[in-house]
Amino acid sequence: MPPTDQTFDYFYQLEDEVTFVWSRRGWSVGKALFIPTRYIPFILIPLTLFGTFSTNINLDTCEGLLYFLVFLEVIAITLSEVIFGLRAYAMWDRNRAVLVMYCCVATAYIAAFAFILQSFLPSVTYAEAPLEIISGCYKTGGSTIVFASFVVIMLAEAVTTTLTLYRAYHYFRHTPNALVQNMTSDGMYYCMSMFSMSVVNVLLIFLVPIQYGDMIAVYQTVMHTMLATRMQLHLRKINQHPYLIDLFTEESFASVSFTRSTFLADM
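Computed from a predicted model, the values in this text were never measured in an experiment.

S.K.: Got a minute to help me understand the pattern of salt bridges in this structure?
M.R.: Pairs can form between side chains of opposite charge once their charged atoms are near each other. Applying the stated criterion to the full structure yields four salt bridges. Between Arg38 and Glu17 there is a salt bridge, with its nearest N and O atoms 2.9 Å apart. A residue pair is termed long-range when its members are at least 10 positions apart, and Arg38 in helix α2 (residues 29–39) and Glu17 in helix α1 (residues 2–22) qualify at 21 residues. This pair shows no difference in class: Arg38 is buried, exactly as Glu17 is. A single network of salt bridges, built from pairs that share partners, joins Asp9, Glu17, Arg38 and Arg230.

Structure below.
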């Protein structure tokens, strides 16, 4: 369940968070991304539980709650995608072509989500539950176009996965080291996990009744944020150990120049 996973992950990572985020003075791109990504689930989960288990909740509240929860989910997933996109961008030594590619992906991502949500949200309807034992907001209708939002997420993750694998294979396969292995393994685990969950969400939309079609959507959002922020903390932890960074040989930097003092250290 998301609350249990989120609570465990929070306390498990709390010491690293204090050490590598809160103890650092000033702000960076990484810190500005980390904080909302880390803490949005602490708003999202209670509100989801409220909408699921509350009794005598009125229909207007359900509709307003839906809009707010979808807004939080989109923001959380988008921030997570940005974090992993910046990791791939750093692996490519801030290559301008990669930046342009991500700008195009971001534009298409925003436009697609705006169209999908504009079509989906007004189509969702609620009614009184047919049985008193059914609590929370009882959904009676909604457009299946929402499946396209998960397709958009999968396409964005496919771009990041491709860039990560290509860079790791062609530039670092002969010079394995802790930093690159961490960036590659975290990125692959993240993308494969989120891709799988997106597929499951699409199947649920078409195969189960409307009331259960979004049963793991919040779980996917929480997993997005957990994996993204954990990756940030891992990178910062490794960045604090010179003996790991020094495993880069001089030849390793023939085609890439990121070091502890560059953009990567601020993620």
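S.K.: Even after reading the chapter, I still don't get the UniProt feature "transmembrane region" (unreviewed entry) in the chain, so can you show me in this structure?
M.R.: Mapped onto this numbering, the UniProt entry annotates "transmembrane region" (unreviewed entry) at residues 32–53, 65–86, 98–121, 141–166 and 187–210. The distance separating the terminal C-alpha atoms of residues 32–53 is 33 Å; by composition the span is 95% helix and 0% strand. Taken end to end, residues 98–121 has its terminal C-alpha atoms 33 Å apart, with 96% of it in helix and 0% in strand.

S.K.: I would appreciate a short explanation of a nonpolar patch on the surface in the present structure.
M.R.: Judged by side-chain polarity, Phe195, Val199, Leu203, Phe206 and Leu207 come together as a nonpolar surface patch covering roughly 480 Å² of accessible area. Within the fold, Leu207 resides in helix α7 (residues 178–207). Residue classification places Leu207 among the exposed residues on the basis of a relative accessible area of 66%.

S.K.: Please clarify how the nonpolar core should be interpreted in this entry.
M.R.: Among soluble globular proteins, nonpolar side chains are generally buried collectively. With 30 residues, the main nonpolar core has Ile83, Phe84, Val98, Leu163, Tyr190, Met194 and Met223 as its most contacted residues. Sorting the residues of this core by element identifies α3 (41–53), α4 (59–91), α5 (96–120), α7 and α8 (217–239) as the ones contributing at least two each. In terms of nonpolar packing, the next biggest core, distinct from the first, is built from 24 residues, Cys62, Ile77, Phe120 and Val124 among them.

S.K.: Would you take a moment to explain the packing of aromatic side chains for this structure?
M.R.: To describe a pair of aromatic rings, one takes the distance between the centres and the angle between the planes. In total, this model carries eight aromatic pairs according to the counting rule given. Plain terms: the ring middles of Phe8 and Tyr12 are 5.7 Å apart, the flat faces sit at 15° to each other, and that makes the pair stacked. Of the two residues, Phe8 and Tyr12 both sit in helix α1, four residues apart, roughly one turn of that helix. With respect to class, Phe8 is no different from Tyr12; both count as exposed. Ring centres of Trp92 and Tyr166 lie 5.7 Å apart, and the angle between their planes is 10°; this geometry places the pair in the stacked category. In this pair, Trp92 is assigned in the loop between α4 and α5 and Tyr166 in helix α6 (residues 147–172), connecting sequence segments 74 residues apart. Judged by relative accessible area, which is 14%, Trp92 ranks as buried. Grouped by ring-pair contacts, the aromatic residues Tyr10, Phe11, Tyr39 and Phe42 constitute a single cluster.

The rules behind the values
- Residues numbered from 1 in each chain as written.
- Predicted model: local features only at pLDDT ≥ 70, side-chain atom pairs only at ≥ 80, totals over all residues.
- Heavy atoms only, no water.
- Salt bridge = Lys/Arg side-chain N within 4 Å of Asp/Glu carboxyl O.
- Helix = DSSP H or I, 4+ residues; strand = E, 2+ residues; numbered from the N terminus.
- Buried < 20%, exposed > 50% of the residue type's maximum accessible area, 1.4 Å probe, protein only.
- UniProt positions renumbered as here; feature names shortened; annotations may be inferred.
- Patch = residues over 30% accessible without salt bridge, like charges linked within 9 Å, V, L, I, M, F, W, Y side chains within 5 Å.
- Areas by Shrake-Rupley, 256 points an atom, 1.4 Å probe, with all protein chains shown as cover.
- Core = buried A, V, L, I, M, F, W, Y, C linked by side-chain atoms within 4.5 Å.
- Phe/Tyr/Trp six-rings, centres within 6.5 Å; stacked < 30°, edge-to-face > 60°.

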